[in-house]
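The primary structure of each chain is shown beneath.
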Amino acid sequence: MKLFTKTLSTIVLLLFILSGISYTQEIYFCENVDNDGYPVNESKSFTIPDNGGYLYVLIRLPYAVDCNSVSFEIYRNGDYDNTIDLDTDTNWTWFWKQITFYKSGSYSVKVYDGCYDDLLVSGKVRINFE
């Protein structure tokens, strides 16, 4: 019985440790992107001037995008707003797009590859006026 308990404890511990390793796609909303592809001043809420303001949408993948383009499909308050395309290199594992927002609201951004129209990642950001 002790051997069974020890084995089970070891398995649970290994599963716990391995669950901390993340190989997921990430989307970041930020004020800038550094040279190594990491977000600068990341947030889920931004305040912009009432005549509009921009932020960066950074995508980090655990694999190469393997496509020559991606599309950023943007929804505002649940309604379709806009699609922005970005040319990519097939070996990129991270990329960003500077997007200008002119209206306040809750935005959802879905990023699709341009080759197979597969959803890569999605995220939400809140835009407020000053």
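Residues numbered from 1 in each chain as written. Predicted model: local features only at pLDDT ≥ 70, side-chain atom pairs only at ≥ 80, totals over all residues. Heavy atoms only, no water.

### Thoughts on the overall build of the protein
Turning to step 1, where the next piece is worked out: Of the regular secondary structure elements, the protein holds 1 helix and 10 strands.
Turning to step 2, where the next piece is worked out: Moving toward the C terminus, one meets the helices and strands of the protein in the order α-β-β-β-β-β-β-β-β-β-β.
Turning to step 3, where the next piece is worked out: Long-range contacts, defined as pairs at least 24 residues apart, comprise 63% of the intrachain contacts of the protein with a sequence gap of at least 6.
Turning to step 4, where the next piece is worked out: For the protein, the computed accessible surface area is about 8500 Å², with 51% contributed by carbon and sulfur atoms. (Helix = DSSP H or I, 4+ residues; strand = E, 2+ residues; numbered from the N terminus. Contact = heavy atoms within 4.5 Å. Areas by Shrake-Rupley, 256 points an atom, 1.4 Å probe, with all protein chains shown as cover.)

### Focus on the sheet that holds strand 9 (residues 105-113)
Turning to step 1, where the next piece is worked out: Reading across the sheet, the 5 strands line up as 4-10-9-6-7 and stay open at both edges, with mixed pairing between neighbours. Edge positions in the sheet fall to strand 4 (45-48) and strand 7 (79-87), since each of these pairs with one other strand and no more. Going across the sheet, the axis of each strand differs from the next one's by a mean of 25°, ignoring polarity. (Pairing = 2+ DSSP bridges. Axes fitted to C-alpha atoms, helices over the stretch in contact; angles between N-to-C directions.)

### Observations concerning the side chain of Arg60
Turning to step 1, where the next piece is worked out: On the secondary structure map, Arg60 appears in strand 5 (residues 53-60).
Turning to step 2, where the next piece is worked out: Despite being buried, Arg60 has no salt bridge partner; Asp34 is the closest side chain of opposite charge, sitting 6.5 Å away.
Turning to step 3, where the next piece is worked out: A distance of 3.2 Å separates polar atoms of two side chains, one belonging to Arg60 and the other to Tyr38.
Turning to step 4, where the next piece is worked out: Once you skip the residues sitting within four places of it in the chain, Arg60 turns out to touch Thr24, Gln25, Glu26, Tyr28, Asp36, Gly37, Tyr38, Thr93 and Trp94. (Buried < 20%, exposed > 50% of the residue type's maximum accessible area, 1.4 Å probe, protein only. Lys, Arg positive; Asp, Glu negative; His and termini not counted. Salt bridge = Lys/Arg side-chain N within 4 Å of Asp/Glu carboxyl O. Polar contact = N/O pair within 3.5 Å; in protein donor to acceptor, adjacent residues only side chain to side chain.)

### Regarding the pairing of strand 1 (residues 26-30)
Looking down a regular strand, the side chains alternate between one sheet face and the other.
Turning to step 1, where the next piece is worked out: Across the 5 residues of strand 1, 4 count as buried, placing the element largely inside the fold.
Turning to step 2, where the next piece is worked out: Here strand 1 pairs with strand 5 via 5 bridges, running antiparallel. Of the residues in strand 5, the one forming a bridge with Ile27 is Ile59.

### Regarding the sheet that holds strand 5
Strand pairs in the sheet, formed through backbone hydrogen bonds, run parallel or antiparallel to each other.
Turning to step 1, where the next piece is worked out: Read from one edge to the other, the open sheet built from 3 strands follows the order 1-5-8, with strand pairing classed as antiparallel. Strands with a single pairing partner mark the edges of an open sheet, and in this sheet they are strand 1 and strand 8 (94-101). On average, each strand axis in the sheet is tilted by 20° relative to the strand beside it, whichever way the strands run.

### Remarks on the environment of Leu55
Turning to step 1, where the next piece is worked out: With respect to the element layout, Leu55 can be found in strand 5.
Turning to step 2, where the next piece is worked out: Exposure remark for Leu55: the relative accessible area of 1% places this residue in the buried category.
Turning to step 3, where the next piece is worked out: The spacing of Leu55 and Thr100 is 45 residues in sequence and 6.5 Å in space, taken between C-alpha atoms.
Turning to step 4, where the next piece is worked out: If sequence neighbours within four positions are ignored, Leu55 has contacts with Phe29, Cys30, Phe46, Lys97, Gln98, Ile99, Phe101 and Ile127.

### Some remarks on the nonpolar core
Turning to step 1, where the next piece is worked out: Of all hydrophobic cores here, the largest spans 24 residues; its most connected members are Ile59, Phe72, Phe95 and Val111.
Turning to step 2, where the next piece is worked out: Counting only elements with at least two residues in this core, the list comes to strand 1, strand 4, strand 5, strand 6 (69-76), strand 7, strand 8, strand 9 and strand 10 (119-129).
Turning to step 3, where the next piece is worked out: Excluding anything up to four places from it in sequence, Phe72 contacts Val57, Ile59, Asn82, Thr83, Ile84, Leu86, Phe95, Lys97, Ile99, Val109, Lys110 and Val111.
Turning to step 4, where the next piece is worked out: Formed by 5 residues, the second largest nonpolar core is a distinct cluster that contains Tyr28, Cys30, Val33 and Leu58. (Core = buried A, V, L, I, M, F, W, Y, C linked by side-chain atoms within 4.5 Å.)

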